[in-house]
Amino acid sequence: DRLRPDATTDMVCGYCSTGCSLRVHLKDGEAVNLTPTTEYPVNLGMACPKGWEALNVLDADDRATRPLLRGADGGLKHVSWDKALRTFCERFKAIGEQYGPESVAFLSTGQMVTEELALLGALTKFGMGIVHGDGNTRQCMATAATAYKQSFGFDAPPFTYQDFEESDVIVLVGSNLCVAHPIMWERVCRNPHNPEIIVVDPRRTETAMAATTHLAIKPKSDLAFFYALANILCREGWVDRGYIDAHTSDFDEFASFVQQYTPQRAADESGVPVETIEQVARKIHEGERVSFWWTMGVNQNYEGVRIAQSLINLALMTGNIGRPGTGANSVTGQCNAMGSRMFSNTTGLYAGRDFLDPEHRREVADILDLPIENIPAENSWPYHQIIDGIESGAIKGLWVVCTNTSHSWIHQTEARELLGKLDFLVVQDMYHSTETAQQADLVLPAAGWGEKEGTFINSERRLGVVKRVRRPPGEALPDFSIFRLVAEYWGCGDLFRRWSTPEATLEILKDLSRGRPCDISAIGDYATIDHAGGVQWPCTDSPEVLDQQRRLFEDGRYYHEDGRARFLFEDSRGMPEPPDDDYPFLLITGRGAASQWHTQTRTGKSEVLKKLYPKNVYVEMNPADAAAAGLESYDKAVVWSRRGELIATVFVTPTVQPGQLFIPMHYEATNRLTLPHFDPYSHQPSYKDCAVAVAPA
Ligand code: SF4
């Protein structure tokens, strides 16, 4: 009876962007168990292993339970919150006074609730005078956000998950949905139309194995491949001229541009035979409801924005957008990447506004009742420029909130060295054991999912509610409370009186969003959102009268001033570090299993999840390459790049093509190898291409 629940409550999961609802079983108001919520429109009673284990990772021994301050002997020692907050303010203010206000920066996350992201953005930029701040969404979603903004006039993923079930042709690009978004894949499996499932991915992933067609294109041949499809569609007249003329601009330039991308050229560059490319174009033409989906294989790419737009172009030119089962659809990574994109106030001003636009600054100042001078008139540096700023000496103080830079940043060795050069590094996290926290001068203990309240926004733009169903351990506090305390200690608390609770902050976000494409002004309170089964933006009517599944652009009107979507295109720049005689393999990194998440900061704490995934780093290798190198499965191999090396267990499998290696991103060592290069428009790191060598260890 001790654990027999006496009540339940529903809340959205805190891992991936699917945004499943979990029914938490309570005993005396505290969570004792959970099951997936059966009535929620996202997951329909399903959850992946991470969701099922979401409560168990809260009990880990390495939870940060008290503030820790590095002492004269170099060790981290417990201190009071008062001492921690005084030190935080004294050190950052001293750095600002000595080197200027731009010398302190912050890095946050797509995993805090929207209200916390919004308060952090306001506190740092409007209260503390910080200019430069970015989030780990730069590592996953910046490409999609930039592509949408340029093509549609706003960062607006157009779809609803129902589209997975209504398409008759589903094109998945650089997306191992089975593993990375397993509940979305379940939605594909529920599709009653016997759809064509076309997977474009260099690896024969679990999703590729389940597809009707797998196109194992050579890495980074995406542009040639998708432009050739556009070429064939134009050549055959398989375009929706009515839609193009009514709702888009620059199509004729695009049609002329893709003439050079012949099927033969695409075949030469991608390795896919001409006949297959022609067949795929025909399938897109014959589909009545064609949807294009992409994830990190596109986004984490040095030309990701243009690749995403090559898919957007295919949807626009065939009129496959704004109708059920269609769309150019970016599947987000983290549970609140969308919240970060809309409301974090980092590289963009709230609700898709621009720091450089005086009108936008005026609007925000008026809504928040702030002096306009408090709003920076310059854009923040993106993540990699902040890291570069440490190297150049421009950044001397850094506040890292809920992310693990020392593990996850591209070319990790350099990132670690640079963090070590800071005058003052503060890490705010649930766990004191992350690689980044271990480097910190000050660790602030934060509550986790289930220990605080707020909202997440999932991939289909749906706000869902997170609740407090556990007490945070020790003296750990919700990030929201920590930000409010920082405001008081910094001396700018008066600016944020209205931001008294997460729910009061939602009211502010409603005001900030009013009249913007992501308008949530009529969304109601947490209880209303909960009762509605989550609510998608835009929401300008009561959720009670809105459909539960809504997609954008049903009227063909986009967010550019002329209401038209743009065709955007560009030639490939070519791989910056192609394999050569010394480094003959191309390394691809990515998600390894549905049971693991990012740097394993949380999932590594679950005994169940650990059993579902190899403990030590492994490398997948094609049988022909393994034989040539004298390697067999379970042998140890050394893999090295121009930047570092690791020892991995070999897994011989034909799922990787000859000349390629795959290592999951979850292991601490993976990013020793990766090459720091970035998409020029989105500044997203390109994690999936660097030259490496391999040999028996
Ligand atoms: Fe959570 Fe994503 Fe798994 Fe759903 S699919 S339970 S949101 S991790």
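Position numbers for residues start from 1 in each chain and track the written sequence from start to end. This being a predicted model, a pLDDT of at least 70 is required before a residue's local features are given, and a value of 80 or more before pairs of side-chain atoms are given or counted; all residues contribute to the totals for chains, interfaces and linings.

## Observations concerning the site of the ligand
Note the threshold: Whether a residue is near a molecule or strand depends on its C-beta atom, generated from backbone atoms, being within 6 Å of that molecule or strand. In this text, helices come from DSSP runs of H or I with a minimum length of four residues, and strands from runs of E with a minimum of two, each type numbered from the N-terminal end. When residues are sorted by character, Ala, Val, Leu, Ile, Met, Phe, Trp, Tyr, Cys and Pro go into the nonpolar class, Asp, Glu, Lys and Arg into the charged class, and all the rest, Gly among them, into the polar class.
If you check the shell around the ligand, you find 13 residues, and the closest are Cys13, Cys16, Cys20, Cys48 and Gly51. Counting residues per element, the ones that place at least two in the shell around the ligand are helix H1 (49-52) and helix H7 (182-189). Across the shell around the ligand, the residue classes break down as eight nonpolar, four polar and one charged.

## Regarding the pairing of strand E26 (residues 690-696)
To keep it simple, the criterion reads: Each residue is classed by its C-beta neighbour count within 10 Å, where at least 20 other C-beta atoms makes it buried, 12 or fewer makes it exposed, and intermediate counts make it partly exposed; the C-beta atoms are placed from backbone geometry. For two strands to pair, DSSP has to find at least two bridges joining them.
In terms of burial, E26 is largely enclosed, as five of its seven residues are buried. The pairing of strand E21 (residues 585-590) with E26 spans three bridges and is antiparallel. Paired with Leu587 across the bridge in E26 is Cys690. As paired strands, strand E23 (residues 636-640) and E26 are joined by four bridges and run antiparallel to one another. The residue of E26 that forms the bridge with Val638 is Ala695.

## Quick word on the domain arrangement of the chain
Operational definition: An automatic or database domain assignment supplies the start and end points of every domain. Our contact criterion uses C-beta atoms placed from the backbone: two residues qualify when those atoms are within 7 Å.
Domain annotation for the chain reports domain 1 (84-140 + 335-501), domain 2 (142-331) and domain 3 (585-696). Each of domain 2 and domain 3 has a C-alpha centre, and the two are 27 Å apart. Each partner contributes to the interface: domain 2 provides 23 residues, whereas domain 3 provides 24 residues. Breaking the side of domain 2 that touches domain 3 down by element, the ones donating at least two residues are helix H4 (142-152), helix H6 (177-180), helix H14 (296-299) and helix H15 (304-317). Here the side of domain 2 that touches domain 3 is composed, by residue class, of 10 nonpolar, nine polar and four charged.

## Digging into the packing of helix H3 (residues 114-127) against helix H22 (residues 479-490)
Angle between the axes and distance between the axes are the two parameters that describe a pair of packed helices. The condition that has to hold: In this analysis, axes come from line fits to C-alpha atoms, helices being fitted only over the stretch in contact, and the angle between any two N-to-C directions falls in the range 0 to 180 degrees. Working rule for angles: under 35 degrees goes down as roughly parallel, over 145 as roughly antiparallel, 65 to 115 as roughly perpendicular, anything else as oblique. Crossings are sorted by hand: turned counterclockwise from the far helix by less than a right angle, the near helix makes the crossing left-handed, and turned clockwise it makes it right-handed.
Direction vectors running N to C along H3 and H22 enclose 15°, while the axes themselves pass 9 Å from each other. Regarding the angle of H3 to H22, the classification is roughly parallel. Considering only the axes of H3 and H22, their crossing is left-handed. For the pair formed by H3 and H22, the contact residues are Glu115, Glu116, Leu119, Leu120, Leu123 and Gly127 on the first element and Asp479, Phe480, Phe483, Val486, Ala487 and Trp490 on the second. When its residues are assigned to classes, the contact of H3 with H22 shows eight nonpolar, one polar and three charged.

## What about the sheet that holds strand E12 (residues 290-294)?
What the five strands build is an open sheet, ordered E10-E9-E8-E12-E13; its pairing is parallel. At either margin of the open sheet sits one strand with a lone partner, and together these are strand E10 (213-215) and strand E13 (327-330). On average, each strand axis in the sheet is inclined to that of its neighbour by 15°, with strand direction left out of account. The pairing of strand E8 (residues 169-173) with strand E9 (residues 196-200) spans five bridges and is parallel. From the neighbouring strand, Leu172 faces E9, where its bridge partner is Val199.

## Observations regarding the pairing of strand E7 (residues 132-135)
We count it as follows: Look down the strands so they point away from you; if the path from the first strand over the helix to the second goes clockwise, the crossover is right-handed.
On E7, burial covers both faces: His132 and Asp134 on one face and Gly133 and Gly135 on the other are all buried. By the bridge criterion, four bridges tie strand E6 (residues 104-108) to E7 in an arrangement that is parallel. From the neighbouring strand, Leu107 faces E7, where its bridge partner is Asp134. What joins E6 to E7 is H3, and the crossover it makes is right-handed.

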